[in-house]
Amino acid sequence: MSDDENHPTSSNPLVLHGRHFGRTVFAMCNYPALLTAESSIEDYPVDVRREHRVFMELIDSYPGLLDHLTNGEEEDIIHLGELMGKGVSGARGNNTKTLKSAVLEWLVPRGQALILPLSQNIKSDCGFNHEVTGALLCPAGLDWLNAETKQSLKSSETVVRGDQWPMFLYAGYVYDPEDPWTGLLRSEILIFGFKHVFTSPSSVDKEPKATCSGNAYLHGMKSITKGLSSIFSRTDTITDSENFYHSILDLLEDPDESEEVVDLMTWWTRRIFPNSSSSQRSISKNSALSKIREKRAVLQE
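Our subject in this report is the structure included herewith.

Parameters at a glance
- Residues numbered from 1 in each chain as written.
- Predicted model: local features only at pLDDT ≥ 70, side-chain atom pairs only at ≥ 80, totals over all residues.
- Heavy atoms only, no water.
- Phe/Tyr/Trp six-rings, centres within 6.5 Å; stacked < 30°, edge-to-face > 60°.
- Buried < 20%, exposed > 50% of the residue type's maximum accessible area, 1.4 Å probe, protein only.
- Patch = residues over 30% accessible without salt bridge, like charges linked within 9 Å, V, L, I, M, F, W, Y side chains within 5 Å.
- Areas by Shrake-Rupley, 256 points an atom, 1.4 Å probe, with all protein chains shown as cover.
- Salt bridge = Lys/Arg side-chain N within 4 Å of Asp/Glu carboxyl O.
- Lys, Arg positive; Asp, Glu negative; His and termini not counted.
- Charge placed at Lys NZ, Arg CZ, Asp CG, Glu CD.
- Helix = DSSP H or I, 4+ residues; strand = E, 2+ residues; numbered from the N terminus.
- Core = buried A, V, L, I, M, F, W, Y, C linked by side-chain atoms within 4.5 Å.
- Contact = heavy atoms within 4.5 Å.
- Axes fitted to C-alpha atoms, helices over the stretch in contact; angles between N-to-C directions.
- Parallel < 35°, antiparallel > 145°, perpendicular 65-115°, else oblique.
- Left-handed = near helix turned anticlockwise from the far one by under 90°.
- Nonpolar A, V, L, I, M, F, W, Y, C, P; charged D, E, K, R; others polar.

## Quick look at the packing of aromatic side chains
The description of an aromatic ring pair uses the distance of the two centres, along with the angle that the planes make with each other.
Okay, so step 1: The full count for this structure, using the stated rule, is five aromatic pairs.
Okay, so step 2: The interplanar angle of 80° and the centroid separation of 5.7 Å between the aromatic rings of Trp267 and Trp268 together place this pair among those described as edge-to-face.
Okay, so step 3: Assessed through its relative accessible area of 22%, Trp267 is described here as partly exposed.
Okay, so step 4: Taken together, the aromatic side chains of Phe194, Trp267 and Trp268 make up a single cluster linked through ring pairs.

## Some words on a negative patch on the surface
Okay, so step 1: A contiguous patch of negative charge on the surface is contributed by Asp176, Glu178, Asp179, Glu259 and Glu260.
Okay, so step 2: On the secondary structure map, Glu259 appears in helix 11 (residues 258–272).

## A short note on the nonpolar core
Okay, so step 1: Judged by nonpolar contacts, the single largest core of 32 residues is most densely connected at Trp106, Trp165, Leu169, Leu184, Leu185, Ile248 and Leu264.
Okay, so step 2: Elements that contribute at least two residues to this core include exactly helix 5 (74–106), helix 8 (188–198), helix 10 (241–252) and helix 11.
Okay, so step 3: Among the elements that take part in this core, helix 8 stands out by supplying six residues, more than any other.
Okay, so step 4: For Leu264, the residues in contact, after removing those within four places along its chain, are Trp181, Leu184, Leu185, Arg186 and Leu252.

## A word on the pattern of salt bridges
Okay, so step 1: Scanning the model with the defined rule gives three salt bridges in all.
Okay, so step 2: A salt bridge links Glu131 to Lys150; the shortest N-O distance between them is 2.8 Å. In this pair, Glu131 sits in helix 6 (residues 131–137) while Lys150 sits in helix 7 (residues 147–154), placing the two residues 19 residues apart along the sequence.
Okay, so step 3: Salt-bridge contacts for Asp163 lead to Arg161; the nearest nitrogen and oxygen are separated by 3.6 Å.

## Quick word on the packing of helix 5 against helix 8
Okay, so step 1: Put simply, helix 5 and helix 8 touch, their axes get as near as 10 Å, and they point 140° apart. What the angle tells us is that helix 5 and helix 8 run oblique. For the crossing formed where helix 5 meets helix 8, the hand is right-handed. Contacts between helix 5 and helix 8 involve Asn95, Thr98, Leu99, Ala102, Val103 and Trp106 on the former and, on the latter, Ile189, Phe192, Gly193, His196 and Val197.
Okay, so step 2: Per-class residue counts for the contact of helix 5 with helix 8 are seven nonpolar, four polar and no charged.

## Overview of the packing of helix 8 against helix 11
Okay, so step 1: Their axes nearest at 11 Å, the elements helix 8 and helix 11 cross at an angle of 60°. When the axis of helix 8 is compared with that of helix 11, the two are oblique. Between helix 8 and helix 11 lies a crossing whose hand is right-handed. From helix 8, Leu190, Ile191, Phe194 and Lys195 reach across to helix 11, where they touch Trp267, Trp268, Arg271 and Ile272.

In structure tokens:
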């Protein structure tokens, strides 16, 4: 069952929409300010212009919202923003709470135990202070097996910025400095985390049923978008998570990287929603359709 169904006190449609919007489109946004901004978008820096794009997506995603903004008083609009912000914060809190224990099971292959056990409620023995989590959090390009590097990370002598992406983002936790796109955002632990939040915790071990009540099913998701799950906080000054979040979006929204991004989104859609029409568009070799396409391509040359 999805967390949205477990919060009867948060059943306001705007709160529920905020939960989903924060997970799938943009997690870090001051929604009351976003809805009441009046200045020309060109007067704002890049990060605010991104929020304007988020605003336009928000308008498109919630029928009737534009009418509320056009005809409502400012205090009513602020209240709408607060309700949506409440939804985003609720989604973030729920994701963080449920993922804490789940992640501990994903750190090592099933059936194996961590040599040094971890507790979801104790932070002092995790992060760079634990061999397994330290290796996953180590910035790509640094060698966790190097004793000096490891000690520097543990002691915080080496300060990790948000745009120094951790190894756990890469498939097989392997980084290729010659081709940084290889395996990026395709790791097993990311797939597990996405399934846990969007399709259901049980779907981590098996394909979700068509009738499941996960967040993806409840909101009609059939493909993957560029927005990331709302597990980040603007007030987190230790892990620089806001910089991390924006740096990922910078890459995914870069027109020069569009080919790689489309390939990445297609890959994710096929992994998460294998039965959706958007994940089944590859054409079988030697099929009638492939022959028709080949013939058409020759005629157009």
